[in-house]
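Listed here are the chains, written in short residue letters.
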Amino acid sequence: MARWCNADYQALVDKAREVGDKAERTKLYEKAQVLFKDEAPWITMAHSIVYVPMRKEVTGYKVDPLGAYTFFSVDIN
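Residues numbered from 1 in each chain as written. Predicted model: local features only at pLDDT ≥ 70, side-chain atom pairs only at ≥ 80, totals over all residues. Heavy atoms only, no water.

Colleague: Would you mind going over helix 2 (residues 22-39) with me for this structure?
Modeller: Counting along an α-helix, one turn takes 3.6 residues, and residues three or four places apart therefore face a common direction. For helix 2, built from 18 residues, the straight-helix expectation of 26 Å at 1.5 Å per residue is met to within 8% by its first-to-last C-alpha distance of 26 Å. Considered for burial, the residues of helix 2 that qualify are L28, A32 and F36. For helix 2, the buried positions fall inside an angular range of 85 degrees around the axis, keeping them on one side. When the buried face of helix 2 is taken as reference, the exposed residues oriented beyond 90 degrees from it are K27, K31, Q33, K37 and D38. A40 sits one or two residues past helix 2 and shows a positive phi near 40 degrees. (Helix = DSSP H or I, 4+ residues; strand = E, 2+ residues; numbered from the N terminus. Expected span 1.5 Å × (residues − 1). Buried < 20%, exposed > 50% of the residue type's maximum accessible area, 1.4 Å probe, protein only. Arc of directions from axis to C-beta.)

Printed below as a string of structure tokens:
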């Protein structure tokens, strides 16, 4: 959690939530995004999708987010 606080950003987001006109709301959110990017309270990270080939008979296998292959709960039916 960044615990980031910016009154201008919050005011834009709050106002955008109340605006019924889509074009005006979009402009307010775009202004808020500019403030957010300028201050960069946190960085976003992307992650890849990992595919593990598996036979239908294998059950209980869970892909490890760190890339380890653990077979403690794996079974073959």
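Colleague: Quick question: what am I supposed to make of the packing of aromatic side chains here?
Modeller: The relation between two aromatic rings is expressed through the spacing of the ring centres and the mutual angle of the planes. Within this structure, the stated rule accounts for four aromatic pairs. One aromatic cluster in this structure is built from W4, Y9 and F36. (Phe/Tyr/Trp six-rings, centres within 6.5 Å; stacked < 30°, edge-to-face > 60°.)

Colleague: Which parts of the structure should I look at to understand the pattern of salt bridges?
Modeller: When the charged atoms of two side chains with opposite charge come close together, those side chains can pair. Under the criterion given, the structure shown has two salt bridges. When the shortest N-O distance is used, the salt bridge between D14 and R17 registers 3.5 Å. Taken together, the residues span about one helical turn, with D14 and R17 both in helix 1 (residues 7-18) at a distance of three residues. A salt bridge links R55 to E57, with the nearest nitrogen and oxygen atoms 3.1 Å apart. R55 sits in the exposed class, given a relative accessible area of 60%. Its relative accessible area of 32% is what places E57 among the partly exposed residues. (Salt bridge = Lys/Arg side-chain N within 4 Å of Asp/Glu carboxyl O.)

Colleague: Help me out: how do you make sense of the nonpolar core in this one?
Modeller: Nonpolar side chains in soluble globular proteins tend to be buried together. One finds L12, V13, A16, V19, L28 and A32 forming the largest nonpolar core, which totals six residues. Of all the secondary-structure elements, those providing two or more residues to this core are helix 1 and helix 2. Among the elements that make up this core, the one with the highest residue count is helix 1 (three residues). When near neighbours in sequence (up to four residues on either side) are disregarded, A32 contacts Y9, L12 and V13. (Core = buried A, V, L, I, M, F, W, Y, C linked by side-chain atoms within 4.5 Å. Contact = heavy atoms within 4.5 Å.)

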